[in-house]
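Topology and contacts: notes
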Amino acid sequence: MKLKKLPYTLTVCKLDSAESINLNEDFYFIGKTDEELSLVCRTESTPANTTAREDGWRGFRIEGTLDFSLIGILFPIAAILAENKIGIFAVSTYNTDYVLVKEENFDKAMTALGAAGYEITE
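As the structure is a computational prediction, the values presented were derived from the model and not from experiment.

1. Digging into the packing of aromatic side chains
Considering all chains together, one arrives at 5 aromatic pairs under this definition. Consider the rings of F29 and Y98, whose centres lie 5.2 Å apart with planes at 65 degrees: the pair is edge-to-face. Here Y98 lies in strand β7 (residues 97-102) and F29 lies in strand β3 (residues 28-32), a separation of 69 residues in the sequence. Pair check on accessibility: F29 and Y98 agree, each one buried. Put simply, the rings of Y8, F27, F29 and Y98 touch in pairs and so form one group of aromatic residues. The side chain of R58 reaches across the aromatic face of F106, ending 4.0 Å from its centre.

Printed below as a string of structure tokens:
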């Protein structure tokens, strides 16, 4: 399976409202529930009105379009990283999954996944 590194740092944050989210940015995830509004975005694109934020994330994407009937795609990746004491923040889209790790663990994560047989691309 191929994994593609994302070439930028990311921020995970909470917002009071979606008004300041620039929907023209090329990378962001918005999650809204009855309890919160969360945003994952490039660090340089983080809105000023965040109520909480966690900087210093790096990520990679599982390449290709994943069919909804596929089972166990994210689990082996999470297990390899857990074995290496690397926490994750996972986000899923209609097409695929993204896995974020703290920046200081990114190279270690790529090495562990590469050793497990995953093909890593830039």
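2. So, the nonpolar core
Core analysis: the biggest nonpolar cluster contains 16 residues, and L3, F60, I77, L81 and L113 have the highest contact counts within it. Going through the elements one at a time, β5 (50-62), α1 (74-83), β7 and α2 (106-115) are the ones with two or more residues in this core. The dominant element in this core, judged by the number of residues it contributes, is α2, at 5 residues. With residues up to four places along the chain from it excluded, the contact list for L81 reads F60, I86, I88, V99, V101, A109 and L113. With 11 residues, the next largest nonpolar core counts L6, Y8, V91 and Y98 among its residues.

3. Comments concerning the packing of α1 against α2
Two elements in contact, α1 and α2, have axes separated by 10 Å at closest approach and are oriented at 120 degrees. Comparing the axis directions of α1 and α2 gives the class oblique. As α1 runs across α2, the sense of the crossing is right-handed. Contact residues: α1 offers I77, I80 and L81, while α2 offers A109, A112 and L113. Considering only residue class, the contact of α1 with α2 consists of 6 nonpolar, no polar and no charged.

4. Things to note about the environment of S38
Within the secondary structure layout, S38 lies in strand β4 (residues 37-42). Counting along the chain gives 76 residues from S38 to G114, while the straight-line C-alpha distance between them is 31 Å. With near-sequence residues (within four places) excluded, S38 lies in contact with C13, K14, F29, I30 and G31. At 2.6 Å, the side chain of S38 forms a polar contact with the side chain of E36.

5. Section: the environment of L6
Considering the arrangement of structural elements, one finds L6 in the loop between β1 (2-5) and β2 (10-15). Classification of L6 as buried rests on a relative accessible area of 2%. Between the alpha carbons of L6 and G31 there is a distance of 20 Å; along the sequence they are 25 residues apart.

6. A few points about the side chain of K5
Here K5 shows up in strand β1. Among the polar contacts listed, one links the side chain of K5 to the side chain of E122, at a separation of 3.2 Å. If we ignore the near neighbours within four places in the chain, the residues touching K5 are G59, F60, F106, M110, I120, T121 and E122.

Cut-offs and rules
- Residues numbered from 1 in each chain as written.
- Predicted model: local features only at pLDDT ≥ 70, side-chain atom pairs only at ≥ 80, totals over all residues.
- Heavy atoms only, no water.
- Phe/Tyr/Trp six-rings, centres within 6.5 Å; stacked < 30°, edge-to-face > 60°.
- Helix = DSSP H or I, 4+ residues; strand = E, 2+ residues; numbered from the N terminus.
- Buried < 20%, exposed > 50% of the residue type's maximum accessible area, 1.4 Å probe, protein only.
- Lys NZ or Arg CZ within 6 Å of the ring centre and 35° of its normal.
- Core = buried A, V, L, I, M, F, W, Y, C linked by side-chain atoms within 4.5 Å.
- Contact = heavy atoms within 4.5 Å.
- Axes fitted to C-alpha atoms, helices over the stretch in contact; angles between N-to-C directions.
- Parallel < 35°, antiparallel > 145°, perpendicular 65-115°, else oblique.
- Left-handed = near helix turned anticlockwise from the far one by under 90°.
- Nonpolar A, V, L, I, M, F, W, Y, C, P; charged D, E, K, R; others polar.
- Polar contact = N/O pair within 3.5 Å; in protein donor to acceptor, adjacent residues only side chain to side chain.

Just distances and angles here, no functional claims.
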